[in-house]
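Residue strings, one per chain:
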Amino acid sequence: MSDPHLTLGPVRYNPETGSYETLAEIAHDGLRFAYPVDLPAPMTADFDYVMRRLRARALDAHRSGRAPLRLCHAAPAICGAVPPARAA
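Source: prediction; values computed, not measured.

What counts, and at which threshold
Residue numbers here run from 1 along each chain, matching the order of that chain's written sequence. For a predicted model such as this one, the threshold for reporting local features is a pLDDT of at least 70, and the threshold for listing and counting side-chain atom pairs is 80 or more; totals across whole chains, interfaces and linings nevertheless cover every residue. Each side-chain value is worked out from all heavy atoms of the structure, with water and hydrogens disregarded. Helix numbers and strand numbers start at the N terminus; a helix is a DSSP run of H or I with at least 4 residues, a strand a run of E with at least 2. Residue burial is assigned from relative accessible area. The probe radius is 1.4 Å, only protein chains are included, and a residue is buried under 20% of its type maximum, exposed over 50%, and partly exposed in between. We call two residues contacting when some pair of their heavy atoms lies within 4.5 Å. The working definition used for a salt bridge is a side-chain nitrogen of Lys or Arg within 4 Å of a carboxyl oxygen of Asp or Glu.

Colleague: Before we move on, can you summarise the overall build of the protein with the specific residues and values?
Modeller: A tally of helices and strands in the protein yields 1 helix and 5 strands. Helices and strands in the protein line up, N terminus first, as β-β-β-β-α-β. Residues counted as buried form 26% of the 88 residues belonging to the protein. Counting only contacts in the protein whose residues sit at least 6 apart along the sequence, the fraction spanning at least 24 positions is 44%.

Colleague: Describe the side chain of Ser19, listing the residues and the values that go with them.
Modeller: Structurally, the position occupied by Ser19 is in strand β3 (residues 19-28). In this structure, Ser19 is in contact with Arg12, Tyr13, Asn14, Asp38, Leu39, Pro40 and Ala41, ignoring residues within four places of it in sequence.

Colleague: Outline the pattern of salt bridges, supporting the account with residue identities and numerical values.
Modeller: Evaluated as defined, the whole model comprises 1 salt bridge. The residue Glu25 makes a salt bridge to Arg32 at a minimum N-O spacing of 3.5 Å.

See the structure below:
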């Protein structure tokens, strides 16, 4: 079993919940998974701290298998590939 590769999407601050939110994508053993993750913290929180904690929460959700919401992509990631054109 290989180590997962994690990529965080754009990070947003949600003032209604007082937390940072992002969609984390994890590539692991040829499959791609996406997890919505959030981190309750003040808007003035240190950037490095927020990024470390979001990454840790995403990896924990993936490894635990108990994530409340998880998306498994149907096709594996193909870096640099151009999607096929749709038939008219």
